[in-house]
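# Secondary and tertiary structure notes
Read off the chains here:
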Amino acid sequence: MTYGFIGAGNMATAMMKGLLHANVDPADIYVSSPHRAKSLAEELHINAADSQTVIDHSDIVVLAFLPNQLTEIGATLNFTNKIVVSVLAQITIADLNQAIPNAFNVRALPNINSAIGQGNTALAFADNIDAAQNKIVTHFWQLLGNSVTLEEEQFAIFSAIAGSGPAYVFKFIDALTKAGVANGLEETQAASIATQTVLGSASTLNQSDSDAVTLMNSVASPGGSTRAGLDNFEANQFDDVVAKAILATVNHKHA
Ligand SMILES: NC(=O)C1=CN([C@@H]2O[C@H](COP(=O)(O)OP(=O)(O)OC[C@H]3O[C@@H](n4cnc5c(N)ncnc54)[C@H](O)[C@@H]3O)[C@@H](O)[C@H]2O)C=CC1
Ligand SMILES: O=C(O)[C@@H]1CCC=N1
C-alpha cells in the first residue's frame, strides 16, 4: 500500500510519523508541498514529489492543506479513481464530491496524536465507496490509533474535543507548569511533573470502570487540600470557561 500527502504541515507530518511508527516502509510514503516537502522527505527518508506525481504513485491520497485551498487544488489536479482522504476541517463529503468529482472521497478529522499511534479520528465515507475500499481506509486509520465512523453533523463537536482538544490539554499542562514555577519549581521540572500527572490520570481513567467525576472525588480526601482546589475551580466557573471555549471552537468558520 502506498500513501500520498498533499501538504506537509503539522497534521500531515503527524500522520507520516504515525505511519513510520507503525512500521510502514518510508519508500511507500510520498509528499508534496510548495514549502516543506523536500526537507521533510530528507528528515523522514520518504519521497518528495510534485502533487500529481504523489497522486499517481499513491493508493491512498491524503489532502492535508488548508480548507480554503480545496477548490483551487481540486481543479488543478487529476484524482480520477483514487481513494482521497481529506483531513480538512469543515469540508464535507458534498464539498469533496464537488471539488474532486471523479474520486472515492473520505472525510476524516484526526488529531496530532496520530504521530505516536494514539490518534483519535472521525470518518465519513462518500456513497460510492465500496466495502473493500472502506476496509482499506479503516485499516489505514487503525495504523494511527483509534477511529470511528461518525455522522457529518457531529464532526464540528468531534473536531472541537478530539481535533483541537490536544491544544486545550497542552494549555492545561502549561497552566499547571506556570503555577509550579510560581510556587518555586524549576521550569523543566514543573513541566515534567505536570505532563506525567496528565498522562497518568488519563491512563488511570481509561483503565478504570469509574467516570472522571468519581475519580476526581477519590483524589479529594475529606477536609484535604484537593477539595480546596476543586472549590476554587468551581468558584471560578472552570466548566463554564471550558464550555465557552468549546462553543467558540464549534462555531468558528474557516476563512
Ligand atoms: N493541526 C491539527 O492538529 C489538525 C489539522 N487538521 C486539518 O489539517 C489541515 C492542515 O492543517 P495544519 O497541518 O495544521 O496546517 P499547516 O499550515 O501546518 O499545513 C498546511 C500545509 O499545506 C501546504 N500547502 C499549501 N499550499 C499547498 C499546495 N498548493 N499544494 C500542496 N500543499 C500545499 C503547506 O505547505 C503546509 O505544508 C487543515 O485543513 C486542518 O483543518 C485537522 C485536524 C487536526
Ligand atoms: O485548528 C484547526 O482549524 C484544526 C481543526 C482541528 C484542529 N486543528
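Keep in mind that this is a model prediction, so the values were computed, not measured. For every chain, the first residue of the written sequence is number 1, and numbering continues from 1 along that sequence. Note on labels: chains are lettered from A, ligands numbered from 1, in written order. At least 70 in pLDDT is required for a residue's local features to be given in this predicted model, at least 80 for side-chain atom pairs to be given and counted, and no such filter applies to totals for whole chains, interfaces and linings, which use all residues. Hydrogens and waters are ignored; side-chain quantities use all the structure's heavy atoms.

## Brief notes about the site of ligand 1
Residues are counted as near a molecule or strand when any one of their heavy atoms sits within 4 Å of it. Around ligand 1, 21 residues are found, and the nearest of them are Met-11, Ser-33, His-35, Phe-65 and Gln-69. Here a polar contact is recorded for every N or O atom pair within 3.5 Å, except that within protein the pair must consist of a potential hydrogen donor and a potential acceptor, and residues adjacent in sequence are included only if both atoms are side-chain atoms. Between ligand 1 and the protein, one listed contact pairs an oxygen atom with a side-chain N or O atom of Ser-33 at 2.8 Å. Here ligand 1, which alone exposes 830 Å², has 77% of that area covered by the protein. Asp, Glu, Lys and Arg are counted as charged, while Ala, Val, Leu, Ile, Met, Phe, Trp, Tyr, Cys and Pro are counted as nonpolar; the rest, among them Gly, fall into the polar class. Taken together, the residues of the shell around ligand 1 sort by class into 14 nonpolar, seven polar and no charged. All accessible-area figures derive from a Shrake-Rupley calculation using a 1.4 Å probe, and residue coverage is judged against the displayed protein chains alone.

## Description of the pairing of strand E1 (residues 3–6)
When a strand is regular, its side chains alternate between the sheet's two faces. Partly exposed residues are those whose accessible area sits between 20% and 50% of the maximum for their type, while under 20% is buried and over 50% is exposed, using a 1.4 Å probe and protein chains only. The numbering of helices and of strands both runs from the N terminus, where a helix is a DSSP run of H or I of at least 4 residues and a strand a run of E of at least 2. Alternating positions in E1 separate into two faces, Tyr-3 and Phe-5 on one and Gly-4 and Ile-6 on the other, with burial throughout. For E1 and strand E2 (residues 29–32), the ladder comprises four bridges, and the chain directions are parallel. Bridged to Ile-6 within E2 is Ser-32. Call a crossover right-handed when, viewed with both strands pointing away from you, the route from the first strand across the helix to the second goes clockwise. As a crossover connection, the stretch from E1 through helix H1 (residues 10–21) into E2 is right-handed. Note: E1 against strand E4 (residues 60–63), four bridges, orientation parallel. Directly across from Ile-6, in E4, lies its bridge partner Leu-63. In this scheme, strands are said to pair when DSSP sees at least two bridges between them.

## A look at the pairing of E4
The side-chain alternation of E4 yields two buried faces, one formed by Ile-60 and Val-62 and the other by Val-61 and Leu-63. In this sheet, strand E5 (residues 83–86) lies alongside E4 in parallel orientation, the contact comprising four bridges. Bridge pairing in E5 places Val-62 opposite Val-85. With respect to chirality, the unit in which E4 leads through helix H4 (residues 70–76) into the neighbouring parallel E5 is right-handed.

## Here's the deal with unusual backbone geometry
You will see that His-45, though not glycine, has its phi angle at about 60°, which is positive. Tracing the backbone shows His-45 in the loop between helix H2 (37–44) and strand E3 (47–48). The class for His-45 is exposed, based on a relative accessible area of 62%. One non-glycine residue, Asn-81, adopts positive backbone phi at about 65°. Here Asn-81 shows up in the loop between H4 and E5.

## Comments concerning the UniProt feature "domain: Pyrroline-5-carboxylate reductase catalytic N-terminal" (unreviewed entry) in the protein
UniProt positions are given in the numbering used here, feature names are shortened, and annotations may be inferred rather than shown by experiment. Per the UniProt record, "domain: Pyrroline-5-carboxylate reductase catalytic N-terminal" (unreviewed entry) is found at residues 3–89. When the span residues 3–89 is considered, its composition is 39% helix and 21% strand, and the gap between its end C-alpha atoms is 20 Å.

## Some thoughts on the packing of aromatic side chains
Within a pair of aromatic rings, the relevant descriptors are the distance that separates the centres and the angle that separates the planes. Centres within 6.5 Å make a pair out of two Phe, Tyr or Trp rings, where for Trp the six-membered ring is used; the pair is then stacked when the planes are under 30 degrees apart, edge-to-face when over 60, and tilted otherwise. Tallying each qualifying case throughout the model produces four aromatic pairs. An aromatic cluster of at least three residues, connected via ring pairs, comprises Tyr-3, Phe-140 and Trp-141.

## A word on the UniProt feature "binding site: NADP(+)" (unreviewed entry) in the protein
UniProt's entry tags Ile-6, Gly-7, Ala-8, Gly-9, Asn-10, Met-11, Ser-33, Ala-64, Phe-65, Leu-66 and Pro-67 with the feature "binding site: NADP(+)" (unreviewed entry), counted in the numbering of this structure. Examined against the element boundaries, Met-11 turns out to sit in helix H1. Judged by its relative accessible area of 18%, Met-11 is buried. One can find Leu-66 in the loop between E4 and H4. Look at Leu-66 and you get exposed, because its relative accessible area is 56%.

## As for the domain arrangement of the protein
What counts as a domain boundary in this text is fixed by an automatic or database domain assignment. When cut into domains, the protein gives domain 1 (3–151) and domain 2 (165–251). Domain 1 and domain 2 are separated by 33 Å when their C-alpha centres are compared.

## Quick notes on the packing of helix H8 (residues 165–182) against helix H9 (residues 187–206)
What counts as an axis is a line fitted to C-alpha atoms, over the stretch in contact for a helix, and the angles between N-to-C directions run from 0 to 180 degrees. Interaxial distance between H8 and H9 falls to 8 Å at its minimum, and their mutual angle equals 135°. Put simply, H8 runs oblique to H9. Judged by the twist between their axes, the crossing of H8 over H9 is right-handed. In contact with Val-169, Phe-172, Ile-173, Leu-176, Thr-177, Gly-180 and Val-181 of H8, H9 contributes Glu-187, Ala-190, Ala-191, Ala-194, Thr-195 and Val-198. The residue inventory of the contact of H8 with H9, partitioned by class, reads nine nonpolar, three polar and one charged. By the definition adopted for this analysis, an angle is roughly parallel if under 35 degrees, roughly antiparallel if over 145, roughly perpendicular if from 65 to 115, and oblique otherwise. In a left-handed crossing the near helix is turned counterclockwise from the far helix by less than a right angle, and in a right-handed crossing that turn is clockwise. Throughout, a residue-residue contact means that at least one pair of heavy atoms, one from each residue, lies within 4.5 Å.

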